[in-house]
Amino acid sequence: MAIKFKAAVVQAAPVFMDLDACIEKAIGLIQRASREGAKIVAFSEAWFPGYPWWIWLSPTAHNVQHFQRYHENSLVVGSEQFKRLGQAAKDNNIFLSFGASERDHGSLYLAQFLFSDQGELIQGRRKLKPTHMERTVYGDGDGSDFGVFDTDIGRVGQLCCWEHLQPLSKYAMFSMHEQVHIAAWPSFSTYPMAYSLGAQANLAASSVYALEGQCFVLAPTATVSPEMYEFLVENETQAELISVGGGYSQIFGPDGQAMCEHLPEDEEGLLFAEIDLGAIAVAKSFADPVGHYSRPDVLRLMLNREPHNPVEAFSSIEFEEQDNEVNDEQSESD
């Protein structure tokens, strides 16, 4: 039998750069999604503790003033705040996906996390390559971040923001036979002169992902609240670069079609859609890019899923054994 369930995406502003307040607000939204019958709820990119919009509004040297507060309010895996989010998923019997600024000692990463409805961490991943100004704040992920996971609501995967403009990254995800994809975005109210950063272009990216991968796409976005705007905007030049609002959350079907009525861009709330994974079979019958619609004899993707650590520990005994093996091989060749 095909799996059917209700999905929810959040459209709301975080409590900017206040992690504990973000968690309190998120738990209320998680509870509401569960009461409405949703089996999964998804939050936007870096919702905890908010996307650092100041990187797009001022020079990096000016933005140093924000780094300590942002660092201290970024989410640490295994912390009490982190555990509260897992517990909220369990208490409300709902799968939970969210974007966060992840703090790992001295470095930050644009991360996504997926919890089961039993509060178990299914995946923690880091954006493979932060986009443009994001690289002044965040480090890189690696190939170990690519994953699609079997769950009670289907095979679920996650990417964020302009990872949906990376054809090879998308194809890697498609190859894992994804059924439910979470496409986490920030909000779309900055740089109004840049079409590529606006709602129309980026909603199209989510729709095309659904169409190309024949999967359901949950695409949450945040909003810029009046309080955030007041914090961020210090002069007229900055006022021209960002505005209140920018919320364009949506859910797309495996044919690329939008499944929800938009909320006003400055309104907070939840959007819901009924998911029927059986519809994927119909979409796949037209075009399966990693199956009957592929040509591996002509085009193939190489994917390295090994983690890359800056330090690899080894023992001196192991090193000596390897060195002796090399010497023995040299002696035999002589």
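Refer to the structure presented above.
Residues numbered from 1 in each chain as written. Predicted model: local features only at pLDDT ≥ 70, side-chain atom pairs only at ≥ 80, totals over all residues. Heavy atoms only, no water.

## A closer look at helix H8 (residues 279–286)
Among the residues making up H8, those that are buried are Ile 280, Ala 283 and Lys 284. Seen end-on, H8 carries its buried residues on one side only, within an arc spanning 100°. In this structure, H8 carries Ala 281, Val 282, Ser 285 and Phe 286 as exposed residues pointing more than 90 degrees from its buried face. Where H8 is buried, its residues meet helix H5 (199–213), strand E10 (216–219) and strand E12 (269–276). (Buried < 20%, exposed > 50% of the residue type's maximum accessible area, 1.4 Å probe, protein only. Helix = DSSP H or I, 4+ residues; strand = E, 2+ residues; numbered from the N terminus. Arc of directions from axis to C-beta. Contact = heavy atoms within 4.5 Å.)

## Digging into the side chain of Ser 97
Here Ser 97 shows up in strand E3 (residues 95–104). Taking relative accessible area as the criterion, Ser 97 reaches 1% and is therefore assigned buried. Within the structure, the side chain of Ser 97 is placed 2.7 Å from the side chain of Gln 158, a separation counted as a polar contact. When neighbours within four sequence positions are excluded, Ser 97 is seen to be in contact with Val 41, Ala 42, Phe 43, Phe 113, Leu 114, Gln 158 and Ile 182. (Polar contact = N/O pair within 3.5 Å; in protein donor to acceptor, adjacent residues only side chain to side chain.)

## Overview of the environment of Tyr 191
Among the structural elements, Tyr 191 can be located in the loop between strand E9 (180–184) and H5. Among the residues examined, Tyr 191 registers a relative accessible area of 22% and is labelled partly exposed. The residues touching Tyr 191, leaving out its near neighbours within four places in the chain, are Trp 56, Leu 197 and Leu 241.

## Brief notes about the pattern of salt bridges
As a working rule, side chains carrying opposite charge can pair if their charged atoms are close by. Counted according to the given criterion, the structure contains 14 salt bridges. Of the charged contacts, one joins Lys 83 and Glu 80 as a salt bridge, the two residues approaching to 3.7 Å between their closest N and O atoms. Taken as a pair, Lys 83 and Glu 80 lie in helix H3 (residues 80–91) at a separation of three residues, close to a single helical turn. When its relative accessible area of 56% is taken as the criterion, Glu 80 is described as exposed. The salt bridge involving Glu 134 is made with Lys 127; its shortest N-O contact spans 2.8 Å. Classification of Lys 127 by relative accessible area gives buried; the value is 0%. Three or more residues are tied together by salt bridges with common partners; here these are Glu 45, Lys 127 and Glu 134. (Salt bridge = Lys/Arg side-chain N within 4 Å of Asp/Glu carboxyl O.)

## Some remarks on helix H1 (residues 19–35)
Look at H1: 24 Å from first C-alpha to last across 17 residues, which is about the 24 Å you get at 1.5 Å a residue. Within the span of H1, buried status applies to Leu 19, Cys 22, Ile 23, Ala 26, Ile 27, Leu 29, Ile 30 and Ala 33. Where H1 is buried, its residues contact strand E1 (4–11), strand E2 (38–42), H3, E3 and E12. Just past H1, the residue Gly 37 takes up positive phi, approximately 95°. (Expected span 1.5 Å × (residues − 1).)

## Here we look at the sheet that holds strand E7 (residues 148–151)
Hydrogen bonds between backbone groups are what pair the strands of a sheet, and the pairing can be parallel or antiparallel. Strand order across the open sheet formed by five strands is E7-E8-E9-E10-E11, with mixed pairing between neighbours. Pairing within the sheet leaves two strands with one partner each, and these edge strands are E7 and strand E11 (250–252). Along the sheet, successive strands turn relative to each other by an average axial angle of 20°, direction set aside. Sheet analysis places E9 next to E10, joined by three bridges and oriented parallel. Considered in E10, the bridge of Ile 182 is made with Leu 218. The strands that H5 touches are strand E8 (154–160), E9, E10 and E11; relative to E11, the one it contacts most, it runs at about 25°. (Pairing = 2+ DSSP bridges. Axes fitted to C-alpha atoms, helices over the stretch in contact; angles between N-to-C directions.)

## Some details on the packing of aromatic side chains
Using the criterion set out here, one finds 16 aromatic pairs in the structure. When the centroid spacing of 5.2 Å and the interplanar angle of 55° are considered together, the rings of Phe 82 and Phe 115 count as tilted. With Phe 82 in helix H3 and Phe 115 in strand E4 (residues 107–115), the pair connects residues that are 33 residues apart, well separated along the chain. One aromatic cluster in this structure is built from Phe 43, Trp 47, Phe 48, Phe 82, Phe 98, Phe 113 and Phe 115. Positioned over the ring face of Phe 272 is Lys 6, at 5.4 Å from the centre of the ring. (Phe/Tyr/Trp six-rings, centres within 6.5 Å; stacked < 30°, edge-to-face > 60°. Lys NZ or Arg CZ within 6 Å of the ring centre and 35° of its normal.)

## Some details on the packing of H1 against H3
Axis separation between H1 and H3 bottoms out at 10 Å; the angle between their running directions is 5°. Considering their axes alone, H1 and H3 lie roughly parallel with respect to each other. Contacts from Leu 19, Asp 20, Ile 23, Glu 24, Ala 26, Ile 27 and Ile 30 in H1 reach Gln 81, Arg 84, Leu 85 and Ala 88 in H3. In terms of residue class, the contact of H1 with H3 is made up of seven nonpolar, one polar and three charged. (Parallel < 35°, antiparallel > 145°, perpendicular 65-115°, else oblique. Nonpolar A, V, L, I, M, F, W, Y, C, P; charged D, E, K, R; others polar.)

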